[in-house]
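Geometric and topological summary
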Amino acid sequence: MNIKTISELSDIAGKYILLRDDFNVQITDGRVVNIFRIEQSLPTIRALKEMGARIAIVAHLGRPDGKRNPEYSLAPVAFALSELLGEPVPLISDCIGEPVADARQGMQNGDVVLLENVRFHPGEEQNDPEFAAALAAGFDIFVNDAFAAAHRAHASVAGVTKFLPAYAGELLADEIRYLTQAVRNPKRPLVGLISGAKIKSKIGIIKAFGKMCDHVICAGGIGTGMLAAMGAKNLAMDADNLEKYDNNVVLEIMREFGDKIILPLDKGVGPKWAKDAPRTDKMMADILPTDVPMDEGPMSVAEYERVISGAKTLVWNGTVGMAEWPPVWSAGTFALARYIAQRTRSGELESIVGGGDTIASLEATGTEKDVTYASTGGGAFLEFIEGKVLPGIAALSE
């Protein structure tokens, strides 16, 4: 794949750069709660600033359905970005038209502005060529640094490349490099750890892991559901945290990759789906249909750690329980995060971690700097590993 990166740019002082970042972050009470994605965007922003470019960042937040909605304004992101850069980053009232043209008029070399939520326009998600042309108008170069949005064929991700010379930013280039290495030429043994509540959305990655990995740990609701599909009638599949699935798909996976797959041994369960529910750890065979599994039990965690102890490379996506409900229901995820970090620090393991909740768990345990690579992608992370073509990356190579 032949993709130009910003390392190939020169003589861009005074040039207007349209930079696509992924700032789809959690905002509570008007403030950004998790700055991970913003922090990861800084190397590209700073590199372009040092080259004297005039940078307008285009990004999205949430799903405003193509309508202007103050709830999804990027104003909190502009504030957070200003704090991280140590200089004001103005929020422009729109991402196209006169407000953007006016903003460009007042920019000096090295200046950065943030354009308002691109999803306020229906043409963004429709990848409308006219809207893409409007985004590109007045700019000299497009830089895509939004790996987490690279699986979307949207105007600000793929469409604008039809109108501007296009380059990958440092973050996007790093994501491609690390994930390609993990998929194509990993140090072995390679272990895949896939978890979460939604089996249906992870079938593709489980199959991909089955083909590429030496061992595949299927944890959380995915592991519970797979055991139910295999005949564990005591595991109720109508609990709020589990998703209906096709038993035959799971059985097919087990027939093909069952010798590689590691499933849960025990669970932390409660009487109801609630943060304050009392916890009991039960072996899988002892779980009642009325129990609600909300975390891996200690024996499951110990088994996963045993498997990981023999690995040279680990690819991890998905928390193994309700990690956002500490300390009771985060125990399994946090224990694994600390163990993976410890093995990575000691040089025994290369660890590639992706998914918003998983990265949040690394941050909660103070281990985000200890893994080999923390990906900004969720869906893009999974689709890349599955081998799917990501429109945002494909557009850069055309």
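Presented here is an overview of the structure given in this document. It should be emphasised that the depicted structure is a prediction, and the values quoted were computed from it without experimental measurement. (Residues numbered from 1 in each chain as written. Predicted model: local features only at pLDDT ≥ 70, side-chain atom pairs only at ≥ 80, totals over all residues. Heavy atoms only, no water.)

A short note on the pattern of salt bridges
A pair can form between side chains of opposite charge whenever their charged atoms are brought close. Following the criterion strictly, the structure yields 16 salt bridges and no others. The partner of R177 in a salt bridge is D174, and the shortest N-O contact between them spans 2.3 Å. Of this pair, R177 and D174 both sit in helix α6 (residues 170-184), separated by 3 residues, roughly a single helical turn. In this structure, the salt-bridge partner of D214 is R188, at a minimum N-O distance of 3.0 Å. Here D214, found in the loop between α7 (199-212) and β10 (215-218), pairs with R188, found in the loop between α6 and β9 (190-194); they are 26 residues apart in sequence, far enough to count as distant. (Salt bridge = Lys/Arg side-chain N within 4 Å of Asp/Glu carboxyl O. Helix = DSSP H or I, 4+ residues; strand = E, 2+ residues; numbered from the N terminus.)

Details of empty space enclosed by the protein
Taken as a whole and judged by the stated rule, the model has 1 cavity of 30 Å³ or more. A breakdown of the residues in the lining of the largest cavity according to their chemical character gives 2 nonpolar, 2 polar and 4 charged. (1 Å grid on protein atoms, 1.4 Å probe; cavity = no way out; pocket = protein on both sides within 12 Å on 5 of 7 lines; lining within 4 Å. Points joined across faces, edges and corners; volume = space filled by probe spheres on them. Nonpolar A, V, L, I, M, F, W, Y, C, P; charged D, E, K, R; others polar.)

What about the sheet that holds β10?
A sheet is described by the order of its strands in space; here 6 strands give the open sequence β11-β10-β9-β15-β16-β17, paired in parallel fashion. Looking at the sheet topology across the chains shown, the edges are occupied by β11 (261-262) and β17 (373-374). Note that strand β15 (residues 313-317) and strand β16 (residues 350-354) share 5 bridges and pair parallel. In the strand pairing of β16, N317 is matched with G354. Sheet strands in contact with helix α13 (residues 379-386) are β9, β15 and β16, and its direction is about 135° off that of β15. (Pairing = 2+ DSSP bridges. Contact = heavy atoms within 4.5 Å. Axes fitted to C-alpha atoms, helices over the stretch in contact; angles between N-to-C directions.)

Considering the packing of aromatic side chains
Within this structure, the stated rule accounts for 3 aromatic pairs. With 4.3 Å between their ring centres and 15° between their planes, Y178 and Y373 make a pair best called stacked. Taken as a pair, Y178 in helix α6 and Y373 in strand β17 lie far apart in primary sequence, 195 residues in all. Taking the relative accessible area as the measure of exposure, Y178 reaches 32% and is therefore partly exposed. Residue classification places Y373 among the buried positions, given a relative accessible area of 8%. A ring pair is formed by W273 and W325, whose centres lie 5.4 Å apart and whose planes are at 55°; its orientation type is tilted. Separated by 52 residues along the polypeptide, W273 in the loop between β12 (266-270) and β13 (280-283) and W325 in the loop between β15 and α11 (331-345) bring together distant segments of the chain. Residue W325 is classed as buried on the basis of its relative accessible area, which comes to 16%. The ring centre of Y167 lies 4.9 Å from the NZ or CZ of K4, which sits over that ring. (Phe/Tyr/Trp six-rings, centres within 6.5 Å; stacked < 30°, edge-to-face > 60°. Buried < 20%, exposed > 50% of the residue type's maximum accessible area, 1.4 Å probe, protein only. Lys NZ or Arg CZ within 6 Å of the ring centre and 35° of its normal.)

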